[in-house]
Amino acid sequence: MVKSYSESDVKILTDALGHIASNPRMHIGDKYAPENLIARLVGDLMLAGSNNIAVERHNDWWKISSDIDWLREKDGSISYDEFYSFVPIIGAELFRDKASVILNAFSIALVTVGPDGLKVIKGSYENGDLPLSDNYIKDVIGRELLVKLPSEILMPPTELR
């Protein structure tokens with residue numbers, strides 16, 4: 001029997017980060033691996049039209065570079081909304097929880113670099129901790145994301161049904 005739903009069954013999520021952190025299995029599955037979150041971001045970038053994507057690992061940090069600035073809106077402004085809420089992948093005719101909001105929910109630190117400069121989304125970084133040179137910011141074409149991920153995420157016990 002198929003259950004029917006009404007408008008009263010729909011809940012508006014006002015805290016995407018809290019929802020993701022309190023329901024990790026819903027967003028990352030039963031087994032966490034940092035590489036899976038990075039691969040998911042690469043997939044999102046490909047759907048958004050990026051042709052050149054590079055992934056590097058520096059100690060605990062991951063650097064994902066794209067030839068497009070995926071934070072640039074049609075009007076030319078930069079929006080950081082996708083790090084805080086569920087937004088569609090532009091140009092992909094697809095709506096799903098983007099990797100950027102999931103990375104923000106689980107990361108230790110998250111930094112984005114683009115033509116608008118460096119913006120710390122979450123946490124902090126030390127100069128010796130991140131591979132940044134004096135010319136780093138002005139050499140960025142498109143957008144880069146630097147993310148420090150934990151080695152593991154403790155999953156809450158599964159509910160018995």
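Above: the structure in question.
None of these values were measured; they are calculated from a predicted model.

J.: Please set out the sheet that holds strand E1 (residues 53–58) residue by residue, giving values where relevant.
T.: Read across the open sheet, the five strands follow the order E1-E2-E5-E3-E4; overall the sheet is antiparallel. The strands lining the two open edges of the sheet, one partner per strand, are E1 and strand E4 (117–122). Strand after strand, the sheet turns through a mean of 15° between neighbouring axes, direction not considered. Pairing geometry for strand E2 (residues 61–66) and strand E5 (residues 143–148), over six bridges, is antiparallel. Across the sheet, residue Ile64 finds its bridge partner in E5, namely Leu145. In the packing of helix H3 (residues 34–47) onto the sheet, contacts are made with E1, E2 and E5, and the angle to E2 comes to roughly 10°. Its contacts with the sheet place helix H4 (residues 99–106) against strand E3 (109–114), E4 and E5, and it is angled at close to 60° to E4.

J.: Which residues make up the packing of H3 against H4, and what values do they have?
T.: Helix-helix packing is characterised by the crossing angle of the two axes and by the distance between the axes. Relative orientation of the contacting elements H3 and H4 amounts to 155°, with a least axis distance of 9 Å. Regarding the angle of H3 to H4, the classification is roughly antiparallel. Classified by chirality, the crossing of H4 by H3 is left-handed. Across the interface between the two elements, Leu37, Ile38, Arg40, Leu41 and Asp44 of H3 pack against Ala99, Ser100, Ile102 and Leu103 of H4.

J.: Kindly report on the nonpolar core, identifying the contributing residues and their values.
T.: Membership of the largest hydrophobic core comes to 26 residues, with the highest contact counts inside it found for Leu103, Val147 and Leu149. For this core, the secondary-structure elements that each account for two or more residues are helix H1 (16–22), H3, E2, H4 and E5. The element best represented in this core is H4, accounting for six residues. Trp61, Ala109, Val111 and Val113 belong to the second-largest nonpolar core, a separate cluster that totals six residues.

Rules behind the numbers
Residues numbered from 1 in each chain as written. Predicted model: local features only at pLDDT ≥ 70, side-chain atom pairs only at ≥ 80, totals over all residues. Heavy atoms only, no water. Pairing = 2+ DSSP bridges. Helix = DSSP H or I, 4+ residues; strand = E, 2+ residues; numbered from the N terminus. Axes fitted to C-alpha atoms, helices over the stretch in contact; angles between N-to-C directions. Contact = heavy atoms within 4.5 Å. Parallel < 35°, antiparallel > 145°, perpendicular 65-115°, else oblique. Left-handed = near helix turned anticlockwise from the far one by under 90°. Core = buried A, V, L, I, M, F, W, Y, C linked by side-chain atoms within 4.5 Å. Buried < 20%, exposed > 50% of the residue type's maximum accessible area, 1.4 Å probe, protein only.

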